[in-house]
Amino acid sequence: NVWGTSISLCTMIFVLWLEQVYVPFNLSAFRGRNVLSRGLPVMVHGTTPLILIFSAIESILMISRGYLDLRPVDLPRAILMLAGVYGISIHYASISNNTGYDIVKNWKKNKVALKGWRSGNLMGKFVDRTVKDNSKWNGGILCVLWCLTTILNPTVSATTLLILMGIISRESKRVKKILQS
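Computed from a prediction, not measured in an experiment: that's the story for all the values here.

Trainee: Quick question: what am I supposed to make of the environment of P72 here?
Mentor: In this fold, P72 is placed in the loop between α2 (48–63) and α3 (75–95). Accessibility expressed as a relative area gives 17% for P72, which makes it buried. Apart from residues no more than four positions distant in its own chain, P72 is found in contact with F54, I57, R77, A78, M81 and W146.

Trainee: Quick question: what am I supposed to make of the confidence of the model for the chain here?
Mentor: Residues shown with low pLDDT carry predicted positions that ought not to be read at fine detail. This prediction gives the chain a mean pLDDT of 84; 98% of its residues lie at or above 70. Put simply, helix α6 (residues 158–180) is where the chain has its lowest mean pLDDT, 79, and α3 is where it has its highest, 90.

Trainee: Please clarify how α2 should be interpreted in this entry.
Mentor: Every α-helix carries 3.6 residues per turn, so stepping three or four residues along brings you back to the same face. Relative to the 22 Å expected for 16 residues at 1.5 Å per residue, α2 spans 22 Å between its end C-alpha atoms, a close match to the ideal helical length. Those residues of α2 not exposed but buried are T48, P49, L50, I53, F54, I57 and L61. Immediately beyond the C-terminal end of α2, within one or two residues, lies R65, with a positive phi of roughly 55°.

Trainee: Could you clarify how one ought to interpret the side chain of S8 in this entry?
Mentor: Within the element layout of this structure, S8 appears in helix α1 (residues 2–18). Look at S8 and you get buried, because its relative accessible area is 4%. Among all residues touching S8, those that are not within four sequence positions of it are P154, T155, V156 and L161.

What counts, and at which threshold
- Sequence order sets the numbering: in each chain, residues are counted from 1 along the sequence as written.
- Reporting of local features is limited, given that this is a predicted model, to residues whose pLDDT is at least 70; pairs of side-chain atoms are given and counted only at 80 or more, and all residues count toward the totals for whole chains, interfaces and linings.
- Only hydrogens and water are set aside when side-chain values are computed; all heavy atoms of the structure are taken into account.
- Numbering of helices and strands runs from the N terminus; a helix is a DSSP stretch of H or I covering at least four residues, while a strand is a stretch of E covering at least two.
- Residue burial is assigned from relative accessible area. The probe radius is 1.4 Å, only protein chains are included, and a residue is buried under 20% of its type maximum, exposed over 50%, and partly exposed in between.
- Residue contacts are defined here by distance: any two heavy atoms, one from each residue, within 4.5 Å place the two residues in contact.
- A residue's pLDDT is simply how confident the predictor is in it, with values from 0 to 100.
- Expected helix span is computed as 1.5 Å times (number of residues minus one).

Structure representation (structure tokens):
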């Protein structure tokens, strides 16, 4: 199936590219003039919201012994699933302690701050707004990718493809850190 394979490959390349898109922040050291650029990924949560929703769907199916089937095989269930993915994506930063305020606290531990900013509270508010915006983009992109890959019928199912690409991206970052050490 050439069509399905090409859709799978295009989706994989697109997801890997999305994992590399960042919103840049210029950070400066508390002492000195060194400036370094750090970024907050647009796909700030990756495929985690999708993984959580499908884990919940499978758990409910197993606990109910097949009587409560929430797999997205028709339009109402698909809409319910997409709303869940988008909702979890929006609120996942506060659940996982990855809000803008938490990021600024980590920066303070490393003795860096946004260049030109003095107030940690205002800095946290600014970074938190960026995290929330990226969370909305993350949720929307996951929903659109799931819909497109479901409609275009790749050789690998949409959910498997997105989860697989999330794992590949996460592990490649880990291997890259190990090799740089």
